[in-house]
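Understanding the architecture of this molecule
Listed here are the chains, written in short residue letters.
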Amino acid sequence: RFAFVDESGNDGMDVDRSGNTALFVLAAVVVNGDALGDVRKAFAAVRDEYFPQGGEMRSVHIGKNDSRRRDVLAALCKADFSLYVLIVDKRSLKSPGFQYPKSFTKHIHDRLYLKLLEDCQSVQIRADRVKNPPFMDELRRYFAKKHRDSLFQQWDFDFVDSRNEVCIQAADIIAGTLARSVESQDDEGNQKEAEPVIRQAVG
């Protein structure tokens, strides 16, 4: 299987500071190898329909247009994939270690990958690139050391440029939509309209 991972939110723990998010969402779009070509074509068709200006299919390009967001998510969900999601409310994290962005990122990604490895005997994980190349190398070494191949389980981890991988773009849309859904729980109308499509994606 192939798992394409992207996030919504940032690693800043001071959620009262401008620019920092209270939520951090990781979404993994998981695709069987024999279906990967068809899934990429389906996602590319969604991108071409809803993002005709070209470039990437990204949650930030939808913004607060929830009607359009629901349409995009519903279209993505027609493809043949599974979804793994980890939603973190940073306000509930009390350990001092989480104050360090690198420790936070390693721990949160590792939580998601552990679940993937529990369910998949063979999986290639591809995460969206981060801006800091030395940290990408550090993460590669960290995961390679922590999760070694065995007779019964094989896995691989690396980064890809989201501009060149439409499955990462789909994960970005899903992560951003889930974050917006959770953040808008006080807006009961929006929450009720978003929930059926989200349940379809998770199912």
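For the structure, check the block above.
In this text, all values refer to a predicted model and were calculated from it rather than measured experimentally.

Scoring rules and cut-offs
- Residues numbered from 1 in each chain as written.
- Predicted model: local features only at pLDDT ≥ 70, side-chain atom pairs only at ≥ 80, totals over all residues.
- Heavy atoms only, no water.
- 1 Å grid on protein atoms, 1.4 Å probe; cavity = no way out; pocket = protein on both sides within 12 Å on 5 of 7 lines; lining within 4 Å.
- Points joined across faces, edges and corners; volume = space filled by probe spheres on them.
- Nonpolar A, V, L, I, M, F, W, Y, C, P; charged D, E, K, R; others polar.
- Helix = DSSP H or I, 4+ residues; strand = E, 2+ residues; numbered from the N terminus.
- Expected span 1.5 Å × (residues − 1).
- Contact = heavy atoms within 4.5 Å.
- Pairing = 2+ DSSP bridges.
- Axes fitted to C-alpha atoms, helices over the stretch in contact; angles between N-to-C directions.
- Parallel < 35°, antiparallel > 145°, perpendicular 65-115°, else oblique.
- Left-handed = near helix turned anticlockwise from the far one by under 90°.
- Buried < 20%, exposed > 50% of the residue type's maximum accessible area, 1.4 Å probe, protein only.
- Core = buried A, V, L, I, M, F, W, Y, C linked by side-chain atoms within 4.5 Å.
- Salt bridge = Lys/Arg side-chain N within 4 Å of Asp/Glu carboxyl O.

Quick notes on the layout of surface pockets
Computed from the structure, the largest pocket encloses a volume of approximately 1,100 Å³. Residue composition of the lining of the largest pocket, grouped by class: 14 nonpolar, 12 polar and 14 charged.

Topic: helix H4 (residues 133-146)
At 3.6 residues per turn, the α-helix brings residues three or four places apart onto the same side. The end-to-end C-alpha distance of H4 is 20 Å, a good match for the 20 Å that 14 residues give at a rise of 1.5 Å each. On the buried face of H4, the contacting elements are helix H3 (101-119) and strand E5 (154-160).

Some details on the sheet that holds strand E2 (residues 23-31)
Ordered in space as E3-E2-E1-E4-E5, the five strands form an open sheet in which the pairing is mixed. Two strands close off the open sheet at either side, each with one partner strand: strand E3 (82-89) and E5. Recorded for the sheet is a direction-independent mean angle of 20° between the axes of neighbouring strands. Pairing analysis gives seven bridges linking strand E1 (residues 2-8) to E2, with the strands arranged antiparallel. Among the inter-strand pairings, Phe-4 is bridged to a residue of E2, identified as Val-29. Along the sheet face, helix H5 (residues 166-183) touches E1, E2, E3, strand E4 (122-128) and E5 and points at about 45° away from the line of E1.

Some thoughts on helix H1 (residues 36-50)
Given a rise of 1.5 Å per residue, 15 residues ought to cover 21 Å, and the 21 Å separating the end C-alpha atoms of H1 matches this to within 8%. Next to the buried residues of H1 lie E1, E2, helix H2 (66-76) and H5.

Describing the packing of H1 against H2
Where H1 meets H2, the closest approach of the two axes is 9 Å, and the angle between their N-to-C directions is 155°. With respect to H2, the axis of H1 lies roughly antiparallel. Viewed along their axes, H1 and H2 form a crossing whose handedness is right-handed. Between H1, through Phe-43, Val-46 and Tyr-50, and H2, the contact on the second element is made entirely by Arg-68, Asp-71, Val-72, Ala-75 and Leu-76. Grouping the constituent residues of the contact of H1 with H2 by class yields six nonpolar, no polar and two charged.

Details of the pairing of E5
Only one face of E5 is covered, namely the face carrying Trp-155, Phe-157 and Phe-159; the face carrying Gln-154, Asp-156, Asp-158 and Val-160 is uncovered. Pairing geometry for E4 and E5, over seven bridges, is parallel. In the strand pairing of E5, Val-123 is matched with Trp-155.

Some thoughts on the nonpolar core
Counting 31 residues, the largest nonpolar core has Val-31, Phe-43, Met-57, Leu-76, Phe-81 and Ile-174 as its most contacted members. Secondary-structure elements contributing two or more residues to this core are E2, H1, H2 and H5. For this core, the element with the highest residue contribution is H5, accounting for 10 residues. Each residue touching Val-31, except ones within four places of it in the same chain, is listed here: Arg-1, Phe-2, Phe-4, Leu-36, Val-39, Asp-80 and Phe-81. Counting residues in each nonpolar core, the second largest holds 29 residues, with Ala-28, Val-30, Leu-116 and Met-136 among its members.

Details of the pattern of salt bridges
Any two side chains of opposite charge can pair, given that their charged atoms come close. Scanning the entire structure with this criterion turns up 12 salt bridges. Between Asp-48 and Arg-47 there is a salt bridge, with the nearest N and O atoms lying 3.7 Å from each other. In this structure, Arg-140 engages Asp-158 in a salt bridge whose closest nitrogen and oxygen atoms are separated by 2.7 Å. Pair noted here: Arg-140 is in helix H4 and Asp-158 is in strand E5, with a separation of 18 residues, a long-range link. The class of Arg-140 is partly exposed, set by a relative accessible area of 27%.

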